[in-house]
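# Understanding the architecture of this molecule
Spelled out, the chains give:
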Amino acid sequence: MYTTRWIAPSNIAIVKYWGKFDHQIPANPSLSFTLTHSYTDTKLIVIEGKTTQGDDPTVEVYYDGIPKPEFQPKILKFLKAILHEYPWIMGKLLKIETKNTFPHSSGIASSASGMAALACCIEDLHTTHFAPQSFRWHKASESARLGSGSACRSVYGGFVQWGLSSDGEGSDLYATPVQQVHPDFKTIYDFILILDSGEKSVSSTVGHSLMKGHPFASRRFEQGKENVIRLKEILKTGNWSSFIELMESEALTLHAMMMTSTPPFILMKPKTLEAIQKIWQFRQTTNLPVGFTLDAGANLHLIFATNALEAVEQKLLPELQYLCEQNLIIKDLIGRGPYKVDS
Ligand code: PMV
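For the structure given in this document, a descriptive report is provided here. Values in this document were obtained by computation on a predicted structure and should not be read as measured data. (Residues numbered from 1 in each chain as written. Predicted model: local features only at pLDDT ≥ 70, side-chain atom pairs only at ≥ 80, totals over all residues. Heavy atoms only, no water.)

## A short note on the pairing of strand 12 (residues 300-305)
What counts is decided by this rule: Exposure classes here rest on a 1.4 Å probe applied to the protein chains alone. A residue is buried below 20% of its type maximum, exposed above 50%, and partly exposed in between. Working definition: helices are DSSP H or I runs of at least four residues, strands are E runs of at least two. Numbering for both runs from the N terminus. The pairing criterion is simple: DSSP has to find at least two bridges between the two strands.
With respect to burial, strand 12 is a largely interior element, 6 of its 6 residues being buried. Taking every second residue as pointing to the same face, both faces of strand 12 are buried, with Leu-300, Leu-302 and Phe-304 on one and His-301, Ile-303 and Ala-305 on the other. Pairing of strand 10 (residues 188-193) with strand 12 involves 6 bridges; the strand directions are antiparallel. Of the residues in strand 12, the one forming a bridge with Ile-192 is His-301. By the bridge criterion, 5 bridges tie strand 11 (residues 290-294) to strand 12 in an arrangement that is antiparallel. From the neighbouring strand, Val-290 faces strand 12, where its bridge partner is Phe-304. Taken together, strand 11 and the strand that follows it, strand 12, pair antiparallel across an intervening segment of 5 residues.

## Digging into the site of the ligand
Going by this rule: Here, proximity means that at least one heavy atom of the residue falls within 4 Å of the molecule or strand. Identification of polar contacts relies on pairs of N or O atoms within 3.5 Å, with a donor-acceptor requirement for protein atoms, meaning one able to donate a hydrogen and the other able to accept it, and with residues adjacent in sequence counted only if both atoms are side-chain atoms. With residues, only the protein chains shown are counted as cover, and all accessible areas are computed by Shrake-Rupley using a 1.4 Å probe. Three residue categories are used. Nonpolar comprises Ala, Val, Leu, Ile, Met, Phe, Trp, Tyr, Cys and Pro, charged comprises Asp, Glu, Lys and Arg, and polar comprises the others, including Gly. Domain start and stop positions are those given by an automatic or database domain assignment.
As a matter of local geometry, the ligand sits amid 13 residues, with Tyr-17, Ser-150, Arg-153, His-208 and Asp-295 nearest to it. Taking Tyr-17, its main chain carries an N or O atom lying 3.0 Å from an oxygen atom of the ligand. Between the ligand and the protein, one listed contact pairs an oxygen atom with a side-chain N or O atom of His-208 at 3.0 Å. Compared with its free state, where it exposes 380 Å², the ligand has 91% of that area covered by protein. Looking at the shell around the ligand residue by residue, the classes come out as 5 nonpolar, 5 polar and 3 charged. A domain split of the shell around the ligand shows at least three residues from each of domain 1 (2-178) and domain 2 (183-333).

## Some remarks on the packing of aromatic side chains
The cut-off we apply is this: By convention, a stacked pair of Phe, Tyr or Trp rings (six-membered ring in the case of Trp) has centres within 6.5 Å and planes under 30 degrees apart, an edge-to-face pair has planes over 60 apart, and any other such pair is tilted. In this scheme, the term charge over a ring applies when either NZ of a lysine or CZ of an arginine sits within 6 Å of the ring centre and within 35 degrees of the ring normal.
A complete count under the given rule lists 17 aromatic pairs for this structure. Judged by centre distance (5.0 Å) and plane angle (25°), the rings of Trp-6 and Phe-135 are stacked. Highlighted residues: Trp-6 in strand 1 (residues 2-15) and Phe-135 in the loop between helix 2 (110-130) and helix 3 (137-147), separated in sequence by 129 residues. Centroid distance Tyr-189 to Phe-191: 6.2 Å. Interplanar angle 85°. Geometry classified as edge-to-face. We classify Tyr-189 as buried; its relative accessible area is 13%. A relative accessible area of 3% places Phe-191 in the buried class. Following the ring pairs from residue to residue traces out a cluster consisting of Phe-33, Phe-159, Phe-185, Trp-240 and Phe-243. Of note, Arg-336 hangs over the ring of Tyr-339, and the distance from its end group to the ring centre comes to 4.1 Å.

In C-alpha cells:
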C-alpha cells in the first residue's frame, strides 16, 4: 500500500483558454495566477488490486468522507489518459479521499485544483516508489492537463502560462511559471463574489466545443495569443491600469463568445452586471487599481492590488455584499502553488 497527500489551489485566468483541439491542446495560450485559500486537499491510497496485472485500475472516491461513485467515470477516464506515463496504475485500486475549502458552484474551478492535486499525488508516488527520481513538475502539469485543461496551470504558484506563445515561451502540453513579475504584482487579491451558486446551464466542455465553427473563433484565438504577449510585458513593467484594461476585456470577450455561439448562451446574471457597474463606479471615483474578471459562470472575481485593499474592504465590499448569496465573498490572493502534506 502506498499513500500520499497533496494540497493544490485553484487558479483564475486573466487571459482565457476557450476553445481546444483534440487531446486537450488549447486553441490559444492562457495566463492565470494561482490562489492560496481556495484549494483541494487530496489523499491517495494505492492498494494492490485483486484483479490481475494488466487490468484497468479501479477507484473509490470519497468527498469529505462521503462515498461519491458519481465522480468515478471522470477519474477513470483521467487515469486511462495518463497510463502511458504511469503504467503501474494498471490493476491497482486507487482510494481517493478529497475535499475542497470552497463551496461547489462557487465560481472557483474545482476541476482545476482537484485534477492538479491528484496529478501531484500520482507523480509523487511514481517518483518515490515506482521510478525513483526527483518530482517532475512538468509531468504533473501535463497529467493535470489531461484531466482538465486549466488544471495544468494549478501545478505552479504565482503567474502561470499554458500554451506556446509567439515569443517561443510555454508549451501546449504543460504549464510554465511566468518568470519576470514586477514587485507591484507579487501580491494580487481575488475576492470572489458569490452572486449565483446555481448549476451552470452550459458546461465548459460544451462551451469549448461551441468554439468549433464559431464565426469569431479565429480572431479570438489570435487575440488570445496577442494578449498573452501583452500581459507578460505588463507583468514585467508593473502597469496596473493596462492590466485591468486587458483583464476586463478578456472576461467580457469570453462571455461575448458564449453569447455569439450557436446555440447562444448567457452565464452572467443581472447581479453580475450590477456588480460590474459598482466596480467601475468605484474605480472612477477612487482611481484605485480594482477590476474584475469572470470565469465560465455568473460569479465575479474582484481583482486588485495591495494599495486598494483597505478601500475595497471599507467602501466597496459593503456596496457589493448585499448582491451576494448569503453575503458570501471568498477572500483569496495569489499563492505559492501545490505542496505535499503529512498523510
Ligand atoms: O479547464 P476547463 O476545461 O474547465 O476550461 C476552463 C475555461 C475557463 O475557466 C473559462 C478559462 C480558463 O482559462 O481557465
